[in-house]
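Descriptive analysis of the structure
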Amino acid sequence: MQHRDKVAAIFMGLFVWGFAGALFGALFAGLYQLLVGLGIAGWLPLLIAATIAATTTSAFYSAMPVALAGAMAGVLASIAYLIATGHQVELPLIAGLAGLAGVLAGGFYAWAISSGARPLAQTFSGLLAGLLAGTVLALLLGLSGIEVGMFTLAAGVVALVGSIYQFSVRRLAHAADWLPGGLSAPVVAGLIASVVGASVWIVGGTTAGLHVAPGAAFEAILAEVPAGLLGGALGGALTGLLLESLGIDLQAIA
């Protein structure tokens, strides 16, 4: 029976981590290609894309109800913004309005359903993991001069972010016990809502800054997403398999 449970846990880890890695990889690939299309060169596209993708994915992976509340609030606020301003999209305004709506939705969630400081600790763990992973990979690629494709890059980012997240989330969760429980959900929901608002800005407000034609830019972004998705799925599945084989309880963070 123990052997069957172990096999089931490994397969569950493969599925969960593979699915989360696929989402991470697709988001990372799209963001990375967009930043490159905007003319941002060097290590910044990798660092920014890894941080945003890691923060967003960790929120949905570990605090899905709060993240969904924030995403819904962000969508509604962004639609209201577009209707009120006649589709004139400005990043600070739309992200700020969406973030405020997310904070309100998160506050209602915290009032209705107590979740403690756990969602904030888990989301911050993702942000920290994205920053560290992006920095490490940017340094390695910059010093070595090696150029890798999106499939390999996404797999490496997901594997490194997942490992850092796994080993940091429990410590941060314990350290966050002193935070007011009602603060966690509003902050996480507001952050996710701001990302949604920024996504609307990406779709409708950044085409003027692209160094190529808008149609070609979006084609380039979409062309990288499948490689990022597959690479992220592979990196997440292998990382989950390795950590589960080492006896680390991956389900404790879900």
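Structure's up top.
Below: a short report on this structure. (Residues numbered from 1 in each chain as written. Predicted model: local features only at pLDDT ≥ 70, side-chain atom pairs only at ≥ 80, totals over all residues. Heavy atoms only, no water.)

**Observations regarding the overall build of the protein chain**
Basically, it comes down to this: Counting from the N terminus, the helices are DSSP H or I runs at least four residues long and the strands are E runs at least two residues long. Relative accessible area decides the class of each residue, using a 1.4 Å probe on protein chains only: under 20% of the type maximum gives buried, over 50% gives exposed, and in between gives partly exposed. Residue contacts are defined here by distance: any two heavy atoms, one from each residue, within 4.5 Å place the two residues in contact. Areas reported here follow the Shrake-Rupley algorithm with a probe of radius 1.4 Å; residue values treat only the protein chains shown as occluding.
Along its length, the protein chain carries 8 helices and 0 strands. Counting the 254 residues in the protein chain, one finds 43% classified as buried. In the protein chain, the share of contacts with a sequence separation of at least 24, taken over all contacts with a separation of at least 6, comes to 86%. As displayed, the protein chain has an accessible area near 12,500 Å², and 75% of this comes from carbon and sulfur atoms.

**Concerning empty space enclosed by the protein**
Stated precisely, the cut-off is as follows: Cavities and pockets were defined on a 1 Å grid built over protein atoms only: a cavity is a set of grid points that admits a 1.4 Å probe from which the probe cannot escape, a pocket is an open set flanked by protein on both sides within 12 Å along at least five of seven lines, and lining residues are those with an atom within 4 Å of any such point. Grid points are joined across faces, edges and corners, and a volume is the space filled by probe spheres set on the points. When residue character is reported, Ala, Val, Leu, Ile, Met, Phe, Trp, Tyr, Cys and Pro are called nonpolar, Asp, Glu, Lys and Arg charged, and the others, Gly included, polar.
Under the definition given, this model contains 1 cavity of 30 Å³ or more. Its boundaries defined by the atoms lining it, the largest cavity holds a volume of some 210 Å³. Along the walls of the largest cavity sit 15 residues, with W17, A20, T57, V161 and G162 positioned nearest its centre. Its residues assigned to classes, the lining of the largest cavity shows 9 nonpolar, 6 polar and no charged.

**A look at helix α2 (residues 44–62)**
The condition is simple: One less than the number of residues in a helix, times 1.5 Å, gives the span that helix is expected to have.
Between its terminal C-alpha atoms α2 stretches 27 Å, which fits the 27 Å expected from 19 residues at 1.5 Å a residue. Where burial is concerned, most of α2 is hidden: 14 out of the 19 residues are buried.

**Some thoughts on helix α3 (residues 64–85)**
Spanning 22 residues, α3 covers 31 Å between terminal C-alpha atoms, matching the ideal 32 Å at 1.5 Å per step. Here α3 has its buried residues at V66, A67, G70, A71, A73, G74, A77, S78, Y81 and L82. Downstream of α3 by a residue or two, G86 has a phi angle that is positive, lying close to 70°.

**As for the packing of α3 against helix α4 (residues 91–112)**
Which entries qualify depends on this criterion: Axes, fitted as lines to C-alpha atoms, cover a helix only where it is in contact. Angles between the N-to-C directions of the axes lie from 0 to 180 degrees. Throughout, the term roughly parallel applies to angles under 35 degrees, roughly antiparallel to angles over 145, roughly perpendicular to angles from 65 to 115, and oblique to all others. The sense of a crossing depends on the near helix, which, turned anticlockwise from the far helix by less than a right angle, makes the crossing left-handed and, turned clockwise, makes it right-handed.
Viewed as axis vectors pointing N to C, α3 and α4 meet at an angle of 140°, and their least axial separation amounts to 8 Å. Considering the angle they form, α3 stands oblique to α4. Crossing of α3 over α4 shows right-handed handedness. Contacts from P65, V66, A69, A73, G74, A77, S78 and Y81 in α3 reach L93, I94, L97, A98, A101, G102, A105 and Y109 in α4.

**Some remarks on the nonpolar core**
Our working definition: Here, nonpolar core means buried Ala, Val, Leu, Ile, Met, Phe, Trp, Tyr and Cys residues that are tied together by side-chain atoms lying within 4.5 Å of each other.
Formed by 22 residues in total, the largest nonpolar core has its most connected members in F24, F28, L46, A49, L153, V157 and V161. Broken down by secondary-structure element, the contributors of at least two residues to this core are α1 (2–37), α2, α5 (118–144) and α6 (150–175). No other element matches the 8 residues that α6 contributes to this core. Setting aside its immediate chain neighbours within four residues, L153 contacts F28, Y32, L46, L141 and V148. Membership of the second largest hydrophobic core comes to 13 residues, among which are A67, Y109, A110 and A185.

**Regarding the layout of surface pockets**
If a probe as big as a water molecule is rolled over the atoms, it shows which places are left empty. In this structure, the second largest pocket spans a volume of roughly 290 Å³. Lining the second largest pocket we find 15 residues, and of these Y32, L141, I146, V148 and L153 sit closest to its centre. In terms of residue count, the dominant contributor to the lining of the second largest pocket is α5 (3 residues).

**Structural notes on the packing of aromatic side chains**
The line we're drawing: Only Phe, Tyr and Trp rings are paired, with Trp represented by its six-membered ring, and only when their centres lie within 6.5 Å; those with planes under 30 degrees apart are stacked, over 60 edge-to-face, the remainder tilted.
Using the criterion set out here, one finds 3 aromatic pairs in the structure. A centroid spacing of 5.7 Å and a plane angle of 40° characterise the contact between F108 and W111, whose relative ring orientation is tilted. Note that F108 and W111 are positioned in helix α4 at a spacing of 3 residues, about one turn of the helix. The burial state of F108 is the same as that of W111; both residues are exposed. Among the aromatic residues, those joined into a ring-pair cluster are F24, F28 and Y32.

**Thoughts on the environment of V158**
Mapping V158 onto the fold places it in helix α6. In the structure, V158 is positioned 105 residues away from A53 in sequence and 9.6 Å away in space, judged by C-alpha atoms. Sequence-distant contacts of V158, defined by excluding residues within four places in its chain, comprise G21, F24, G25, G232, G235 and G236.

Distances and angles like these do not, on their own, reveal function.
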